[in-house]
Amino acid sequence: MIVDERLVTYINSLDTGNTAMLDQIEREATADYVPIIRKEMQSFLKFLLAMKKPARILEVGTAVGFSAILMAEYDPVPCQITTIENYEKRIPIARENFKRAGKEAQIALLEGDAAEVLKTLEGPYDFIFMDAAKGQYIHFLPDALRLLRTGGVLVSDNVLQDGDIIESHYAVERRNRTIYKRMREYLYVLKHTDGLLTSIVPVGDGAAVTVKQKDTICL
Ligand code: SAM
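Residues numbered from 1 in each chain as written. Predicted model: local features only at pLDDT ≥ 70, side-chain atom pairs only at ≥ 80, totals over all residues. Heavy atoms only, no water.

## Regarding the site of the ligand
Piece 1. Taken together, 20 residues lie near the ligand, and Ser 67, Glu 85, Arg 90, Ala 114 and Asp 131 sit nearest.
Piece 2. Between Arg 90 and the ligand, the recorded distance is 2.8 Å, taken from a side-chain N or O atom to an oxygen atom.
Piece 3. Protein contacts shield 89% of the accessible area of the ligand, which totals 600 Å² for the unbound molecule.
Piece 4. Comparing atom positions with the cavity grids shows the ligand to sit within the largest pocket.
Piece 5. Across the shell around the ligand, the residue classes tally to 10 nonpolar, 5 polar and 5 charged. (Near = heavy atom within 4 Å. Polar contact = N/O pair within 3.5 Å; in protein donor to acceptor, adjacent residues only side chain to side chain. Areas by Shrake-Rupley, 256 points an atom, 1.4 Å probe, with all protein chains shown as cover. 1 Å grid on protein atoms, 1.4 Å probe; cavity = no way out; pocket = protein on both sides within 12 Å on 5 of 7 lines; lining within 4 Å. Sits in = over half its atoms within 2 Å of the grid points. Nonpolar A, V, L, I, M, F, W, Y, C, P; charged D, E, K, R; others polar.)

## A word on the layout of surface pockets
One way to see where empty space is left: roll a probe the size of a water molecule over the atoms.
Piece 1. The volume enclosed by the largest pocket comes to roughly 600 Å³.
Piece 2. Lining the largest pocket we find 29 residues, and of these Pro 35, Gly 61, Asp 131, Ala 132 and Ala 133 sit closest to its centre.
Piece 3. Per-class residue counts for the lining of the largest pocket are 13 nonpolar, 8 polar and 8 charged.
Piece 4. As for the second largest pocket, its lining consists of Val 3, Val 8, Ile 11, Asn 12, Asp 15, Lys 39, Glu 40, Ser 43, Pro 202, Val 203 and Gly 204. (Points joined across faces, edges and corners; volume = space filled by probe spheres on them.)

## Comments concerning the sheet that holds strand E3 (residues 107-111)
Piece 1. Judged by pairing direction, the sheet is mixed, and its 7 strands sit side by side in the order E3-E2-E1-E4-E5-E7-E6 without closing on themselves. Strands with a single pairing partner mark the edges of an open sheet, and in this sheet they are E3 and strand E6 (196-201). Taken pair by pair, the neighbouring strands of this sheet meet at an average axis angle of 15°, ignoring direction.
Piece 2. Here E6 runs beside strand E7 (residues 207-212); their pairing, made up of 6 bridges, is antiparallel. Among the inter-strand pairings, Leu 197 is bridged to a residue of E7, identified as Val 211.
Piece 3. Relative to the sheet, helix H3 (residues 39-52) contacts strand E1 (56-60), strand E4 (125-130), strand E5 (148-157), E6 and E7, its axis offset from that of E4 by approximately 170°. (Pairing = 2+ DSSP bridges. Helix = DSSP H or I, 4+ residues; strand = E, 2+ residues; numbered from the N terminus. Axes fitted to C-alpha atoms, helices over the stretch in contact; angles between N-to-C directions. Contact = heavy atoms within 4.5 Å.)

## Topic: unusual backbone geometry
Piece 1. Between Gly 123 and the following residue, Pro 124, the backbone shows a cis peptide bond with an omega angle of -5°.
Piece 2. Position of Pro 124 among the secondary structure elements: in the loop between helix H6 (114-120) and E4.
Piece 3. With a phi angle near 60°, Tyr 33 is a residue other than glycine that sits in the positive phi range.
Piece 4. Structurally, Tyr 33 can be placed in the loop between helix H2 (20-31) and H3.

It is worth stressing that arrangement in space is one thing and function is another; only the former is reported here.
Put into structure tokens, the structure is as follows:
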């Protein structure tokens, strides 16, 4: 946890919560050890959706559909969501959850590796939520930016890696070093590329919120 645990508990205690169906899906995901966005991130996402009101949303990393349903539920305008997942076991559960929540017409689940699927998509999307394998974000970025509307927002979750991101290379466990290096590169690119404006926020496990300000972005 990157923010004092008691502070997070306090902040979450103020939250007014989600729909009963989202609570149920969250409980099931937690019981099955499926990683889904944390309470603080749920609240932040709802806030961003209220502000941005995106009509077309792209999500990379569906898991069992919790965040896609949350976005469909709390976007103040009717929206269409495309979400990508490559873990076969989770795909039927996500589809079933979309049905249970009455969101199957609003959410299209694309099966496969996002690195391949992203190349087949056409934009523009108003809002992109990146929540898949952290080491792949840097590889997904060119397509994500191609697909994002100018003025659109890219939210990348879990970017601070439980605080590992500020450690020296040697202090990071060997098996995490590639992800560490790629995430540091990703954050550097988001902060230093002309036409991108990014704020890195210590919410949940860290979120980078990026606005695309120019039509053409040269990485
Ligand atoms: N956004 C979901 C939520 O909050 O309900 C949680 C997503 S979970 C943290 C990340 C998901 O991304 C996993 O289910 C994983 O299988 C999927 N994933 C990881 N790498 C992927 C890739 N290259 N292509 C498609 N899906 C991927």
